[in-house]
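Architecture and fold: a report
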Amino acid sequence: MLRAAIVALGAGILAAAAAAGENGRGPERGSERRRMVEDIERQSLSIGNGRDFAQLDARVLDAMRTVPRHAFVPASASPLAYADRPLDIGSGQTISQPLVVALMTHLLQVRPGDRVLEIGTGSGYQAAVLSLLAGQVYSVEILPELAAKAAETLSRLGYANVKVRAGDGYHGWAEHAPYDRIIVTAAPEHVPPALLAQLKPHGRLVIPVGASIDAVAPGVEPQDLMLIEKAGDGTATSSRIIPVRFLPLTRDRPRQ
Ligand code: SAH
């Protein structure tokens, strides 16, 4: 199983698999991951309802069968690591539910060698999934303690092609721009202009956009998951995919 995944996903995974084996995290709980992915496939078939994401990209599903999600959540949440639900990761933040990770990654259509920017590192789990599909992943997290923890987890597990920075991702990460793909895992009220500017022609940006969850009743999905595609001439078109509920994209307070 793991061997097949290594062949399918290429050399990037080798370091990750080796490191995961060393500390016993990778091969563990493989059957739970397989069940999680079966569950994701069932759900995407039903919510996709004839649309492109009814059948999720096999490379994305392979990556999710490989990344040890339990290694990205606090010990207290470990028993639930493979349940299809968001989980607390500390500092008031959550790791997205696996179905949402799968759907967003599918929509992104990451190609081998791509340079990918993620806004909202959180636990580092989504970054790890992306790192198996992309050439290089850059991820920005506004809370320094989460950025440090995610960077530590990713490096311990051998995800060597991910760089994490603490900062306000509203401004993207100009130093490494432009990006082939950009994914945002916290919800702003509008698409941050810097992210569009840092996206290459023919690039794709997947982002939840809408009101803050504080503004709506529990259970209401106040944002739309948007796919923004930049054409060769730089013009962008956007499509609404499904209603979603993400924590807000917060902003750095001006320094006093
Ligand atoms: N992708 C993450 C889950 C993200 S939860 C994972 O796989 O675990 C959303 C994250 O976005 C939180 O960690 C939150 O602190 C972060 N965030 C919110 N506003 C941000 C901003 N302006 N820039 C960067 N990160 C931000």
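What comes next concerns the included structure. (Residues numbered from 1 in each chain as written. Predicted model: local features only at pLDDT ≥ 70, side-chain atom pairs only at ≥ 80, totals over all residues. Heavy atoms only, no water.)

Once that is clear, we can look at the site of the ligand. In the region of the ligand, 25 residues are neighbours, and S123, E141, D168, G169 and T250 sit closest. For the ligand, a nitrogen atom lies 2.9 Å from a polar atom in the side chain of D168. The separation between a nitrogen atom of the ligand and a polar main-chain atom of G169 is 2.8 Å. Within the complex, the protein chains bury 98% of what would otherwise be the 590 Å² of accessible surface of the ligand. (Near = heavy atom within 4 Å. Polar contact = N/O pair within 3.5 Å; in protein donor to acceptor, adjacent residues only side chain to side chain. Areas by Shrake-Rupley, 256 points an atom, 1.4 Å probe, with all protein chains shown as cover.)

Before going further, it helps to spend a moment on the environment of E141. Following the sequence through the fold, E141 ends up in strand β4 (residues 136–141). The exposure class assigned to E141 is buried, which follows from its relative accessible area of 6%. Taking the C-alpha atoms as reference points, E141 and G120, 21 residues apart in sequence, are found 4.8 Å from one another. Beyond its immediate sequence surroundings of up to four residues, E141 is in contact with G120, T121, G122, L146, A147, R165, A166 and G167. Among the polar contacts made by the side chain of E141, one reaches the main-chain amide nitrogen of L143 at a distance of 2.9 Å. (Helix = DSSP H or I, 4+ residues; strand = E, 2+ residues; numbered from the N terminus. Buried < 20%, exposed > 50% of the residue type's maximum accessible area, 1.4 Å probe, protein only. Contact = heavy atoms within 4.5 Å.)

This part takes up the nonpolar core. Grouped burial of nonpolar side chains is what soluble globular proteins tend to show. In terms of nonpolar packing, the biggest core is built from 52 residues, with I40, M64, V67, F72, Y125, Y159 and L225 touching the most fellow members. Looking at this core, the elements with two or more residues in it are α3 (30–48), α4 (58–66), β1 (87–90), α5 (98–108), α6 (125–131), α7 (144–156), β8 (223–230) and β9 (236–244). It is α5 that contributes the most residues to this core, 8 residues altogether. Y138, W173, V184 and A186 belong to the second largest nonpolar core, which has 18 residues in total. (Core = buried A, V, L, I, M, F, W, Y, C linked by side-chain atoms within 4.5 Å.)

Residue placement: R204 occurs in strand β7 (residues 199–210). By relative accessible area, which is 11% here, R204 ends up buried. A sequence separation of 34 residues divides R204 from S238, and the C-alpha atoms of the two residues are 9.8 Å apart. Residues in contact with R204, not counting those within four places in the same chain, are L107, L108, Q109, D180, R181, I182, L199, L227, I228 and E229. Only 2.9 Å separates the side chain of R204 from the backbone oxygen of L107, close enough to count as a polar contact.

A word on the layout of surface pockets. The space that makes up the largest pocket amounts to roughly 910 Å³. What lines the largest pocket is a set of 43 residues, and nearest its centre among them are T94, S96, T185, F246 and L247. The biggest single contributor to the lining of the largest pocket is α5, with 4 residues. (1 Å grid on protein atoms, 1.4 Å probe; cavity = no way out; pocket = protein on both sides within 12 Å on 5 of 7 lines; lining within 4 Å. Points joined across faces, edges and corners; volume = space filled by probe spheres on them.)

Of all the 8 residues making up β8, 6 are buried; the element is thus mostly covered by neighbouring parts of the structure. Judged from the 7 bridges that link them, β8 and β9 form a sheet pairing that is antiparallel. Residue M226 lies in a different strand from β9, and its bridge partner there is R240. If you look at the hairpin formed by β8 and β9, you'll find 5 residues sitting between the two strands, and G234 has a positive phi there, around 90 degrees. (Pairing = 2+ DSSP bridges.)

Bringing the sheet that holds β4 into the picture now. Strand order across the open sheet formed by 7 strands is β5-β4-β3-β6-β7-β8-β9, with mixed pairing between neighbours. On the outer flanks of this sheet lie β5 (162–166) and β9, each paired with one strand and no other. Strand-to-strand twist of the sheet, defined as the mean angle between neighbouring strand axes without regard to direction, takes the value 15 degrees. With 5 bridges connecting them, strand β3 (residues 115–119) and β4 associate as parallel partners. Bridge pairing in β4 links V116 to V137. Sitting on the sheet, α7 touches β4 and β5, and the angle it makes with β5 is about 165 degrees. (Axes fitted to C-alpha atoms, helices over the stretch in contact; angles between N-to-C directions.)

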